[in-house]
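An overview of the molecular structure
Listed below, chain by chain, are the residues.
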Amino acid sequence: MTLAIPTLDTARLRLRPFSDADAEPLFAMHSSAHVMRYWDAPPWTDRARAKRFIELCRKRADSGTDARVAIDRTSDGAFVGWCGLIDWDPDFRSASLGYCLDERMWGHGYATEAAHALLGWAFDTLDLNRVQAETDTRNEASARVLEKIGFAREGTLRENCIVNGDVSDSWVYGLLRREWRPPRG
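Residues numbered from 1 in each chain as written. Predicted model: local features only at pLDDT ≥ 70, side-chain atom pairs only at ≥ 80, totals over all residues. Heavy atoms only, no water.

**Comments concerning the overall build of the protein**
In terms of regular secondary structure, the protein is built from 4 helices and 8 strands. Element order for the protein, N to C, with α for helix and β for strand: β-β-α-α-β-β-β-α-β-α-β-β. Relative to a compact globule of 185 residues, whose C-alpha radius of gyration would be 16 Å, the protein shows 16 Å and is just as compact. Along the longest, intermediate and shortest principal axes, the C-alpha atoms of the protein span 40 × 35 × 35 Å. Across the protein, the fraction of contacts at a sequence separation of at least 24, relative to all contacts at a separation of at least 6, is 62%. Accessible surface, the protein: about 9,700 Å² in total, of which carbon and sulfur atoms supply 48%. Each charge class in the protein can be summarised by its mean position, and for the 25 positive and 28 negative side chains these summaries are 3 Å apart. (Helix = DSSP H or I, 4+ residues; strand = E, 2+ residues; numbered from the N terminus. Rg over C-alpha atoms; globule rule 2.2 N^0.38 Å. Contact = heavy atoms within 4.5 Å. Areas by Shrake-Rupley, 256 points an atom, 1.4 Å probe, with all protein chains shown as cover. Lys, Arg positive; Asp, Glu negative; His and termini not counted. Charge placed at Lys NZ, Arg CZ, Asp CG, Glu CD.)

**Overview of the side chain of Ser 142**
Locating Ser 142 in the fold gives a position in helix α4 (residues 140-149). The residues touching Ser 142, leaving out its near neighbours within four places in the chain, are Tyr 99 and Thr 135.

**Considerations on the pattern of salt bridges**
Under the defined criterion, the tally for this structure stands at 17 salt bridges. One salt bridge in this structure joins Asp 76 and Arg 73, with 2.7 Å as the shortest N-O distance. Its relative accessible area of 49% is what places Asp 76 among the partly exposed residues. Arg 93 is the partner of Asp 127 in a salt bridge, and the nearest nitrogen-oxygen pair spans 3.5 Å. In this pair, Asp 127 sits in the loop between α3 (110-124) and β6 (130-136) while Arg 93 sits in the loop between β4 (79-89) and β5 (94-101), placing the two residues 34 residues apart along the sequence. Members of the salt-bridge network, linked through shared partners, are Arg 60, Asp 66, Arg 68 and Asp 87. (Salt bridge = Lys/Arg side-chain N within 4 Å of Asp/Glu carboxyl O. Buried < 20%, exposed > 50% of the residue type's maximum accessible area, 1.4 Å probe, protein only.)

**Here's the deal with the confidence of the model for the protein**
Taken over all residues, the pLDDT of the protein has a mean of 94, while the share at 70 or more is 99%. Across the protein, element-level confidence peaks in strand β2 (residues 13-16) with a mean pLDDT of 98 and bottoms out in strand β7 (residues 152-163) with 93. (pLDDT = per-residue confidence, 0-100.)

**Things to note about the sheet that holds β2**
Here we have 8 strands laid out as an open sheet, ordered β1-β2-β3-β4-β5-β6-β8-β7, and mixed in their pairing. Every interior strand has two partners, whereas the edge strands, β1 (8-9) and β7, have only one. Bridge analysis of β2 against strand β3 (residues 67-73) gives 4 bridges, and the strand direction is antiparallel. Bridge assignment links Arg 16 to a residue of β3, and that residue is Ala 70. Here helix α1 (residues 23-30) sits on the sheet in contact with β4 and β5, set at roughly 85° to β4. Across the face of the sheet, α3 comes into contact with β1, β2, β3, β4, β5, β6 and β8 (166-176) while running at roughly 35° to β4. (Pairing = 2+ DSSP bridges. Axes fitted to C-alpha atoms, helices over the stretch in contact; angles between N-to-C directions.)

**Describing unusual backbone geometry**
One non-glycine residue with positive phi stands out, namely Asp 87, at about 55°. Topologically, Asp 87 is positioned in strand β4. Judged by its relative accessible area of 45%, Asp 87 is partly exposed. In this model, Glu 159 sits at a positive phi of 45°, which is unusual for a non-glycine residue.

Here it is, written out as C-alpha coordinates:
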(Lines give C-alpha, C1' and ligand atoms only; values in the text may rest on other atoms or scores of the structure.)
Protein backbone atom coordinates (compact mmCIF):
# COMPACT_ATOMS: atom_id res chain seq x y z
CA MET A 1 0.00 0.00 0.00
CA THR A 2 1.42 3.40 -1.00
CA LEU A 3 1.55 6.05 1.70
CA ALA A 4 0.64 9.41 0.16
CA ILE A 5 3.13 12.01 1.34
CA PRO A 6 1.23 15.10 2.47
CA THR A 7 1.90 18.77 1.92
CA LEU A 8 1.07 20.56 5.17
CA ASP A 9 1.19 24.27 5.93
CA THR A 10 1.64 25.79 9.37
CA ALA A 11 1.98 29.42 10.46
CA ARG A 12 5.66 29.49 9.45
CA LEU A 13 6.43 26.25 7.66
CA ARG A 14 5.56 24.09 4.69
CA LEU A 15 6.01 20.32 5.00
CA ARG A 16 6.19 18.70 1.58
CA PRO A 17 7.46 15.68 -0.33
CA PHE A 18 11.19 15.71 -1.02
CA SER A 19 12.43 16.99 -4.36
CA ASP A 20 15.76 16.34 -6.07
CA ALA A 21 16.70 19.95 -5.23
CA ASP A 22 16.82 18.99 -1.54
CA ALA A 23 19.95 16.89 -2.01
CA GLU A 24 22.41 19.72 -1.38
CA PRO A 25 20.85 21.10 1.84
CA LEU A 26 20.27 17.53 3.07
CA PHE A 27 23.93 16.74 2.54
CA ALA A 28 25.03 19.93 4.29
CA MET A 29 22.85 19.12 7.30
CA HIS A 30 23.70 15.41 7.57
CA SER A 31 27.43 15.97 6.99
CA SER A 32 27.68 18.22 10.05
CA ALA A 33 29.34 16.42 12.97
CA HIS A 34 27.57 18.82 15.34
CA VAL A 35 24.10 18.07 13.92
CA MET A 36 24.78 14.33 13.90
CA ARG A 37 26.50 14.09 17.29
CA TYR A 38 23.60 12.16 18.90
CA TRP A 39 22.68 9.99 15.90
CA ASP A 40 23.44 6.31 15.65
CA ALA A 41 25.07 6.91 12.26
CA PRO A 42 28.15 8.96 11.38
CA PRO A 43 27.96 12.22 9.42
CA TRP A 44 27.66 11.77 5.67
CA THR A 45 30.87 12.12 3.67
CA ASP A 46 29.56 11.25 0.20
CA ARG A 47 27.27 13.77 -1.54
CA ALA A 48 25.52 10.89 -3.34
CA ARG A 49 24.23 9.80 0.07
CA ALA A 50 21.68 12.64 -0.02
CA LYS A 51 20.27 11.47 -3.35
CA ARG A 52 20.03 7.92 -2.01
CA PHE A 53 18.19 9.24 1.08
CA ILE A 54 15.61 10.98 -1.13
CA GLU A 55 15.21 7.85 -3.26
CA LEU A 56 14.80 5.73 -0.12
CA CYS A 57 12.13 8.10 1.22
CA ARG A 58 10.20 7.70 -2.04
CA LYS A 59 10.57 3.91 -2.06
CA ARG A 60 9.48 3.58 1.56
CA ALA A 61 6.44 5.78 0.88
CA ASP A 62 5.61 3.61 -2.14
CA SER A 63 5.88 0.50 0.04
CA GLY A 64 3.63 2.10 2.66
CA THR A 65 6.03 2.17 5.61
CA ASP A 66 7.29 5.76 5.90
CA ALA A 67 6.14 9.32 5.34
CA ARG A 68 9.11 11.68 5.51
CA VAL A 69 8.70 15.30 4.48
CA ALA A 70 11.05 18.16 3.80
CA ILE A 71 10.45 21.29 5.87
CA ASP A 72 10.74 24.78 4.37
CA ARG A 73 10.34 28.16 6.06
CA THR A 74 7.51 29.92 4.23
CA SER A 75 8.89 33.44 4.71
CA ASP A 76 11.89 32.81 2.45
CA GLY A 77 11.70 29.18 1.27
CA ALA A 78 14.80 28.20 3.30
CA PHE A 79 15.30 24.48 3.88
CA VAL A 80 14.74 23.81 7.59
CA GLY A 81 15.20 20.04 7.71
CA TRP A 82 12.94 17.02 7.65
CA CYS A 83 10.35 15.30 9.81
CA GLY A 84 8.89 11.87 9.35
CA LEU A 85 6.78 9.01 10.48
CA ILE A 86 8.59 5.73 9.99
CA ASP A 87 7.67 2.09 10.44
CA TRP A 88 3.97 2.81 9.97
CA ASP A 89 1.96 -0.25 10.94
CA PRO A 90 -1.69 0.08 9.86
CA ASP A 91 -2.67 -3.07 11.78
CA PHE A 92 -1.34 -1.76 15.09
CA ARG A 93 -2.10 1.86 14.07
CA SER A 94 1.38 2.92 15.15
CA ALA A 95 4.48 4.64 13.81
CA SER A 96 7.67 6.29 15.03
CA LEU A 97 8.43 10.00 14.78
CA GLY A 98 11.81 11.33 13.72
CA TYR A 99 13.20 14.71 12.70
CA CYS A 100 16.44 16.44 11.83
CA LEU A 101 16.91 20.18 11.48
CA ASP A 102 19.69 22.29 10.05
CA GLU A 103 21.70 23.78 12.92
CA ARG A 104 20.86 27.34 11.82
CA MET A 105 17.19 26.52 12.38
CA TRP A 106 17.55 25.35 15.98
CA GLY A 107 15.97 27.32 18.79
CA HIS A 108 13.08 28.78 16.77
CA GLY A 109 10.40 26.21 17.58
CA TYR A 110 10.44 24.76 14.06
CA ALA A 111 10.81 21.13 15.20
CA THR A 112 7.82 21.48 17.51
CA GLU A 113 5.73 23.21 14.83
CA ALA A 114 6.58 20.65 12.14
CA ALA A 115 6.03 17.66 14.42
CA HIS A 116 2.65 19.05 15.52
CA ALA A 117 1.57 19.32 11.88
CA LEU A 118 2.74 15.83 10.99
CA LEU A 119 1.16 14.31 14.09
CA GLY A 120 -2.16 16.01 13.33
CA TRP A 121 -2.07 14.40 9.89
CA ALA A 122 -1.06 11.06 11.39
CA PHE A 123 -3.85 10.93 13.94
CA ASP A 124 -6.53 12.35 11.61
CA THR A 125 -5.63 10.77 8.26
CA LEU A 126 -3.75 7.60 9.19
CA ASP A 127 -5.94 7.01 12.26
CA LEU A 128 -2.91 6.22 14.41
CA ASN A 129 -3.39 5.18 18.01
CA ARG A 130 0.26 5.46 19.10
CA VAL A 131 3.37 7.29 17.99
CA GLN A 132 6.74 6.47 19.50
CA ALA A 133 9.99 8.43 19.45
CA GLU A 134 13.49 7.86 20.77
CA THR A 135 16.25 10.30 21.61
CA ASP A 136 19.76 10.02 22.98
CA THR A 137 19.63 10.81 26.71
CA ARG A 138 22.23 13.55 26.16
CA ASN A 139 20.02 15.32 23.62
CA GLU A 140 18.08 17.56 25.99
CA ALA A 141 16.77 19.80 23.19
CA SER A 142 15.10 16.87 21.42
CA ALA A 143 13.64 15.64 24.70
CA ARG A 144 12.14 19.12 25.28
CA VAL A 145 10.58 19.08 21.81
CA LEU A 146 8.94 15.72 22.44
CA GLU A 147 7.65 16.78 25.84
CA LYS A 148 6.25 20.08 24.46
CA ILE A 149 4.32 18.09 21.85
CA GLY A 150 2.82 15.92 24.59
CA PHE A 151 4.95 12.77 24.49
CA ALA A 152 5.48 10.93 27.77
CA ARG A 153 8.87 9.45 28.60
CA GLU A 154 8.23 5.74 29.00
CA GLY A 155 11.65 4.34 29.70
CA THR A 156 15.32 4.07 28.97
CA LEU A 157 16.97 1.75 26.48
CA ARG A 158 20.29 1.14 28.20
CA GLU A 159 23.40 1.14 26.03
CA ASN A 160 21.29 0.54 22.94
CA CYS A 161 23.58 2.27 20.43
CA ILE A 162 27.08 3.49 19.89
CA VAL A 163 27.38 7.16 18.92
CA ASN A 164 30.80 8.34 17.75
CA GLY A 165 32.40 5.41 19.55
CA ASP A 166 30.57 6.10 22.82
CA VAL A 167 28.03 3.65 24.18
CA SER A 168 24.82 5.59 24.58
CA ASP A 169 21.42 5.25 26.24
CA SER A 170 18.16 6.37 24.62
CA TRP A 171 14.89 7.54 26.08
CA VAL A 172 11.71 6.07 24.65
CA TYR A 173 8.70 8.37 24.38
CA GLY A 174 5.11 7.59 23.50
CA LEU A 175 2.08 9.64 22.51
CA LEU A 176 -1.35 8.04 22.46
CA ARG A 177 -4.27 9.27 20.38
CA ARG A 178 -6.32 9.95 23.53
CA GLU A 179 -3.49 12.16 24.84
CA TRP A 180 -2.96 14.11 21.59
CA ARG A 181 -3.70 17.83 21.85
CA PRO A 182 -3.39 19.80 18.60
CA PRO A 183 -1.75 23.19 19.06
CA ARG A 184 -4.06 26.14 19.60
CA GLY A 185 -4.17 28.85 16.95
